[in-house]
Amino acid sequence: MRVRHLTTLTRKDAAVLGASGMLRPWGIDADVPLPDWADAACRTWGFFGVASRRGDDVEGIILVAPESCLPSEHPMSKIPRTPRGATLVGFLPHRSDVSWGRARTSFLAARLHGSVPVIEAGGVVGPWVDRRVAPIIWLQSWGFEEVDPMRAGAVRRMRLDLRRSVKAEKSWTERWFGWLRGNELAPVDVGRLRLPTGSPRYHHESTATCVQAKTQSPQQATREPLT
């Protein structure tokens, strides 16, 4: 069975990804220091993005930075943001359907929960040509909501609030089967379902959607197997 695992992207990954050239539009290139936004993310959280890994291949990348450290030319830099929040700065999908980012957003939310109040991103309606922002339909399916739609411009401010509490009417069995179907564990649920600090959750994904959880020691927590 083909298995991927979700992982955070750290300084060590920057050298490999920089050599590939895939992150050059965000200033991550071979043999150069990390750009300020990625360096700030690593200093703050220990990583600058999330992705899935299968062997040596890295797929489906979402890049993230502290809201106060966005590149000046980024579309979200001109839009008011929640203080001390996180902002998504880039999207490199490995397939075209909207579901590719759902597990990655949940994975990211679990790792930022307790460190930031919200994750925000720029959303657009219509053709998607700028990979620094994402189609609104994607972001909404991942749990984001539009902020102040009455004053929206070309780039919409989208927010995933990590401070929300989660209703627990459903049993764990119902949640588990919903999770397997891919329509239950919305990113906003992660804060309630995440394991305590020091016991990161691991996700595993095959060609048929499959999710599994287990714990790992803090010493092993730098790289986490997926969803």
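Here, every reference points to the structure presented above.
What comes next is a walk through the structure. (Residues numbered from 1 in each chain as written. Predicted model: local features only at pLDDT ≥ 70, side-chain atom pairs only at ≥ 80, totals over all residues. Heavy atoms only, no water.)

**Details of the nonpolar core**
Moving on, step 1. Among the nonpolar cores identified, the biggest contains 49 residues, and Phe-48, Leu-112 and Ile-119 are the most heavily contacted of them.
Moving on, step 2. Residue contributions to this core peak at six residues, all from strand β3 (residues 57-66).
Moving on, step 3. Among all residues touching Phe-48, those that are not within four sequence positions of it are Leu-9, Thr-10, Arg-11, Ala-14, Leu-23, Ile-28, Trp-37, Ala-38, Ala-41, Cys-42, Leu-63 and Val-64. (Core = buried A, V, L, I, M, F, W, Y, C linked by side-chain atoms within 4.5 Å. Buried < 20%, exposed > 50% of the residue type's maximum accessible area, 1.4 Å probe, protein only. Helix = DSSP H or I, 4+ residues; strand = E, 2+ residues; numbered from the N terminus. Contact = heavy atoms within 4.5 Å.)

**Comments concerning the pattern of salt bridges**
Moving on, step 1. Scanning the model with the defined rule gives 11 salt bridges in all.
Moving on, step 2. Here Asp-161 and Arg-163 are joined by a salt bridge, their closest N and O atoms 2.9 Å apart.
Moving on, step 3. Through salt bridges with shared partners, one network takes in Arg-11, Asp-39 and Arg-43. (Salt bridge = Lys/Arg side-chain N within 4 Å of Asp/Glu carboxyl O.)

**Some words on the pairing of strand β8 (residues 156-161)**
Along a regular strand, successive side chains alternate from one face of the sheet to the other.
Moving on, step 1. As defined by bridge partners, strand β5 (residues 118-124) adjoins β8 across six bridges and the pair is classed as antiparallel. Bridging across to β8, Ile-119 finds its partner in Leu-160.
Moving on, step 2. In terms of strand pairing, strand β7 (residues 145-146) meets β8 through two bridges, oriented antiparallel. Paired with Glu-146 across the two strands is Met-158, which belongs to β8. (Pairing = 2+ DSSP bridges.)

**What about the pairing of strand β2 (residues 49-54)?**
Moving on, step 1. With five of six residues buried, β2 is to be regarded as a mostly interior element.
Moving on, step 2. Direction of pairing for strand β1 (residues 4-9) relative to β2: antiparallel, over a ladder of five bridges. Along β2, the bridge assignment pairs His-5 with Arg-53.
Moving on, step 3. Judged from the five bridges that link them, β2 and β3 form a sheet pairing that is antiparallel. Each residue of the ladder has a partner; that of Arg-53, found in β3, is Val-58.
Moving on, step 4. Once β2 ends, the chain turns through two residues before running back antiparallel as β3, passing Gly-55 with a positive phi of about 65 degrees.

**Some details on helix α2 (residues 36-45)**
Moving on, step 1. Among the residues of α2, those classed as buried are Trp-37, Ala-38, Ala-40, Ala-41, Cys-42 and Trp-45.
Moving on, step 2. Where α2 is buried, its residues touch α1 (11-20), β3, β4 (86-92) and α3 (102-112).
Moving on, step 3. Looking at the residues trailing α2, positive phi occurs at Gly-46, about 95 degrees.

**Some remarks on α3**
In an α-helix, one turn spans 3.6 residues, which is why side chains three or four residues apart end up on the same side.
Moving on, step 1. Most of α3 sits inside the fold, with 10 of its 11 residues counted as buried.
Moving on, step 2. By the burial criterion, the buried members of α3 are Ala-103, Arg-104, Thr-105, Ser-106, Phe-107, Leu-108, Ala-109, Ala-110, Arg-111 and Leu-112.
Moving on, step 3. Following α3 by one or two positions, Gly-114 adopts a phi angle in the positive range, close to 90 degrees.

**Looking at the environment of Gln-140**
Moving on, step 1. Tracing the backbone through its elements, the reader meets Gln-140 in helix α4 (residues 136-141).
Moving on, step 2. In this structure, the C-alpha to C-alpha distance between Gln-140 and Arg-159, residues 19 residues apart in sequence, is 9.2 Å.

**Some points on unusual backbone geometry**
Excluding glycine, residues mostly carry a negative phi; peptide bonds, for their part, are mostly trans.
Moving on, step 1. You will see that Asp-31, though not glycine, has its phi angle at about 60 degrees, which is positive.
Moving on, step 2. Inspection of the secondary structure assignment puts Asp-31 in the loop between α1 and α2.
Moving on, step 3. Notably, Arg-84 is not glycine yet its phi reads approximately 65 degrees, a positive angle.
Moving on, step 4. Along the chain, Arg-84 falls in the loop between β3 and β4.

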